[in-house]
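Breakdown of the fold
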Amino acid sequence: MIDKTYRTVAQLIDILRSRGMVIEDGAPHDTAMRILETENYYNIVNGYKDLFLSPASAPSQEHYRNGTTFEELYALYQFDRDIRHIYLKYLLKVENAFKSVLAHEFSALYGHDNYLKLENFDAVPDNISSIIKLFGDIQQETARQMSKHHQAVTHYLSEYGYIPLWVLVNVLTFGKVTMFYKLMKPQDKQNIARKFHVDAKELHKYMSLCGLARNQCAHDERFFDLKFRWHLHTRSIANFSCLGLERDKSGSYPSGTNDVYAIGIVFARLLGTADTTEFIASMSAAFSKLEQQLHTISIKDVMRIMGYPAAWERLQQLAR
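An account of the accompanying structure is given in this report. All values derive from a computational prediction rather than experimental measurement. (Residues numbered from 1 in each chain as written. Predicted model: local features only at pLDDT ≥ 70, side-chain atom pairs only at ≥ 80, totals over all residues. Heavy atoms only, no water.)

Side note on helix α8 (residues 174-182)
The complete set of buried residues in α8 reads Phe174, Val177, Thr178, Phe180 and Tyr181. Looking straight down α8, one finds its buried side chains confined to an arc of 155°; they lie on one side. Taken together, the buried residues of α8 touch α4 (70-110), α5 (128-147), α7 (165-171), α9 (186-195) and α10 (200-218). (Buried < 20%, exposed > 50% of the residue type's maximum accessible area, 1.4 Å probe, protein only. Helix = DSSP H or I, 4+ residues; strand = E, 2+ residues; numbered from the N terminus. Arc of directions from axis to C-beta. Contact = heavy atoms within 4.5 Å.)

As structure tokens, this is what we get:
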């Protein structure tokens, strides 16, 4: 394996130029220098170069499409950061709604402090080890929050000897609460899913997708081309055909069901009309801004990677 050697920003710019990227002397060069001095070269270039590479160039001899500028590449990088902020806003709304409904429904059935009892979960043989692990994770997180002197956790444990579930869910990760839901009794899960007007299995899938997307956004990682291993069950979504997503020869949807557009569909399904309208307006503004900054590739190229169809704003028609 060839060792990677340190290169100055000026040397990195020379490499980009040697590969066909246009970085003119003067202001464009100075701007690229300033950006690469404060932003990570790997994150910007290696993270967002693929759409700008010439289809004829080999991986070992990368060459950019004719006319590609550093400004374009950086615009895509900034666009991704912008949409992470947009998506995170609604992902947090989904998380809060899910945690709140779960805490209310479970507490109404079993009491606010009975979440560490095996009989209150779907304790079939295949689930026992997962339930026990969940209990251990809950106790470990409780201890961690106590050591941090979390105000609510410390207050309830000190005064009452327990933490109500509606307080606990606020300190558990999205993933842990999703696992909590998965291990609940089938009818109890269905009661929660009914609050969101979806099937219980689909709600678990939605939460799993949203949890992964939330982590990607929160950790400031590349987001726009994210792909999931799970696909939305389109037959369970009324009026899904209005989106105009194309099918492949097998009848499946190659895009729009396991990508960032799929998360937009989840927003429409779970958050309702007002939030969906606001989300569409925010994304439209982000697309318009990026479109004005691109000339080597088109905004359609970016939207295709994201799974967004031409009629993507019809998300509104899926909102409840």
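Back to the text.
Quick notes on the environment of Phe70
Summarising the element assignment, Phe70 is placed in helix α4. Sequence spacing of Phe70 and Thr31 is 39 residues, and the spatial spacing of their C-alpha atoms is 9.3 Å. The residues touching Phe70, leaving out its near neighbours within four places in the chain, are Leu16, Met21, Val22, Ile23, Ala32, Ile35 and Leu36.

Quick word on the environment of Phe135
Within the element layout of this structure, Phe135 appears in helix α5. Taking the C-alpha atoms as reference points, Phe135 and Leu118, 17 residues apart in sequence, are found 9.1 Å from one another. Not counting residues up to four positions away in its chain, the partners in contact with Phe135 are Tyr115, Leu116, Lys117, Leu118 and Phe121.

Things to note about the packing of aromatic side chains
This structure, assessed with the given rule, holds 25 aromatic pairs. Residues Phe240 and Tyr253 carry aromatic rings whose centres are separated by 5.2 Å and whose planes lie at 70° to one another, so their mutual orientation is edge-to-face. Of this pair, Phe240 sits in the loop between α10 and α11 (260-271) while Tyr253 sits in the loop between α10 and α11; the two residues are 13 residues apart in sequence, bridging distant segments of the chain. Comparing Phe240 with Tyr253 shows no difference in burial state: the two are buried. Among the aromatic side chains, those forming a connected cluster through ring pairs are Tyr48, Phe70, Tyr74, Tyr77 and Phe224. (Phe/Tyr/Trp six-rings, centres within 6.5 Å; stacked < 30°, edge-to-face > 60°.)

Quick notes on the pattern of salt bridges
Two side chains that carry opposite charge are able to pair once their charged atoms sit near each other. Enumeration over the complete set of coordinates arrives at 19 salt bridges. A salt bridge links Glu39 to Arg81, with the nearest nitrogen and oxygen atoms 3.5 Å apart. In this pair, Glu39 sits in the loop between α2 (27-38) and α3 (41-48) while Arg81 sits in helix α4, placing the two residues 42 residues apart along the sequence. (Salt bridge = Lys/Arg side-chain N within 4 Å of Asp/Glu carboxyl O.)

Things to note about the nonpolar core
Formed by 106 residues in total, the largest nonpolar core has its most connected members in Tyr87 and Tyr308. Every residue in contact with Tyr87, bar those within four places of it in the chain, is listed here: Cys217, Phe223, Val260, Tyr261, Ile263, Gly264, Phe267, Phe279, Met283 and Tyr308. (Core = buried A, V, L, I, M, F, W, Y, C linked by side-chain atoms within 4.5 Å.)

Points about the packing of α4 against α11
Running from N to C, α4 and α11 point in directions that differ by 45°, and their axes come no closer than 11 Å. The orientation of α4 relative to α11 falls into the category oblique. The handedness of the crossing between α4 and α11 is left-handed. When α4 is examined against α11, the residues Tyr87, Tyr90, Leu91, Lys93 and Val94 are found in contact with a partner set consisting of Val260, Tyr261, Ile263, Gly264, Phe267, Leu270 and Leu271. Broken down by class, the residue content of the contact of α4 with α11 amounts to ten nonpolar, one polar and one charged. (Axes fitted to C-alpha atoms, helices over the stretch in contact; angles between N-to-C directions. Parallel < 35°, antiparallel > 145°, perpendicular 65-115°, else oblique. Left-handed = near helix turned anticlockwise from the far one by under 90°. Nonpolar A, V, L, I, M, F, W, Y, C, P; charged D, E, K, R; others polar.)

Points about helix α1 (residues 9-18)
Looking only at α1, the buried set comprises Val9, Leu12, Ile13 and Leu16. On an axial view of α1, the arc spanned by its buried residues comes to 100°, and they lie on one face. At its buried positions, α1 is contacted by α2, α3 and α4. Just past α1, the residue Gly20 takes up positive phi, approximately 100°.

Fair warning: the whole summary comes from geometry, so function is off the table for now.
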